[in-house]
Amino acid sequence: MKKKCFSAPLAIVMVLCALLTIVMVLSLSACGKKAESTTPAGEKATAQTAASAESSARTLSLTDASLSVTTWSSPNGATVNLTAVPSEHAKGDSAEFVVRLDGEDVASVACEWKNDAYVASADLNGADGYGYYVTITGKDGFRTELPVNTPENPTDEALVNLASSLTAFCSLTLNDAALEDGTLTILSGYALVQAPVITSDDESVACAQATLVLTLDGQEIASTALTMAPGETDRSYDTSITDMSFTVPDTIEEGQQLMLRLDAVLTNGQSLTAQGSSWTVENGSIANAVG
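First things first, this report covers the structure right here in the doc. Numbering of residues begins from 1 in every chain and follows the order in which that chain's sequence is written. For this predicted model, a pLDDT threshold of at least 70 governs which residues receive local features, and a threshold of 80 or more governs which side-chain atom pairs are given and counted, while totals over whole chains, interfaces and linings are taken from all residues. For the side-chain quantities, the full set of heavy atoms in the structure was used; hydrogens and water were omitted.

Considering the nonpolar core
It is characteristic of soluble globular proteins that their nonpolar side chains tend to be buried jointly.
At step 1: As used in this record, nonpolar core signifies buried Ala, Val, Leu, Ile, Met, Phe, Trp, Tyr and Cys residues forming a set joined through side-chain atoms within 4.5 Å. Partly exposed describes any residue whose relative accessible area lies between the buried limit of under 20% and the exposed limit of over 50%, with all areas from a 1.4 Å probe on protein chains only and scaled to the type maximum. Ranked by internal contacts, the top residues of the largest apolar core, which has 33 residues, are Ile186, Val193, Leu212, Leu260 and Leu262.
At step 2: Only DSSP runs of H or I with at least four residues qualify as helices, and only runs of E with at least two residues qualify as strands; both kinds are numbered from the N terminus onward. Listed by contribution, the elements that provide at least two residues to this core are strand 9 (169-180), strand 10 (183-194), strand 11 (207-216), strand 12 (219-226), strand 14 (236-247), strand 15 (257-266) and strand 16 (271-282).
At step 3: Contacts of Leu212, omitting those with residues within four sequence positions, involve Leu172, Ala222, Ser223, Thr224, Leu226, Ile241, Met244, Phe246, Leu260, Arg261 and Leu262.
At step 4: Judged by nonpolar contacts, the second largest core, of 30 residues, contains Phe97, Tyr132, Val134 and Val197. Contacts are residue-level and defined by heavy atoms, with any inter-residue pair within 4.5 Å sufficient.

Quick notes on the pattern of salt bridges
At step 1: A side-chain nitrogen of Lys or Arg and a carboxyl oxygen of Asp or Glu constitute a salt bridge if their distance falls within 4 Å. All chains considered together, the criterion is met by 4 salt bridges.
At step 2: Arg100 serves as the salt-bridge partner of Asp105, at 2.6 Å between the closest nitrogen and oxygen.
At step 3: Residue Arg100 is joined to Glu145 by a salt bridge in which the shortest nitrogen-to-oxygen separation is 2.8 Å. With Arg100 in strand 3 (residues 94-101) and Glu145 in strand 8 (residues 143-149), this residue pair connects regions lying 45 residues apart in the sequence.
At step 4: Owing to a relative accessible area of 37%, Glu145 belongs among the partly exposed residues under this scheme.
At step 5: It is possible to trace a salt-bridge network through shared partners that takes in Arg100, Asp105 and Glu145.

This is the structure:
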């Protein structure tokens, strides 16, 4: 019986088939591993996208904001109180009450979350030009600053110009005057009384009376009451002075000084005074007018 023998070409074909089988197995294995590694990354990307969408969907804004003020015992400053209601609030959100003057932060106070609102208070010195802001930081770290009352867009000018709002004053401007036959006549002038806009307990203070007083060497020689009307700004009172006359004593001597001043009394009892002009008398006529 003859033994069967495999030819060389057949052997080569069998070897190649075996090698091809090994390559295919290795390729399938690699593909399986690649699929397994990409799945977690895909899930992570999806989670990040969802988180980003959730963050962008939140609107860090205010539906309402108000400022109130408490005066100190002196007119040099006040405490400004903030109440701000956000459009939405989540656990982990926070806010700060920021006050700026001339572009610089002068106060930054952490807000409390109370009665569904951010609340805070800042002690401020008397100055003009304040700007008030709320900075909200979301739980995801996103931060935004929201203006409440600023010099560029004032909602309450009294709090922007805090020093002016706390101060009461009066002024007297005399443009022209003449002395003739023992009579001093104010030909044109203007009187102003400014009551404080910001007061303790929100007391409404007004001008109770205003008087022009003429003095000779410091001694009162004549006076006349003025009728003050509400001015252009809050709690201001003014009047124009035209052809208002005062009798000058016949005994006035050369070199003596006449002075006209404005005295005012506010409804809270505060007294104000302002000098208008002063003159010396030479040869029976006004000379060397000052003021």
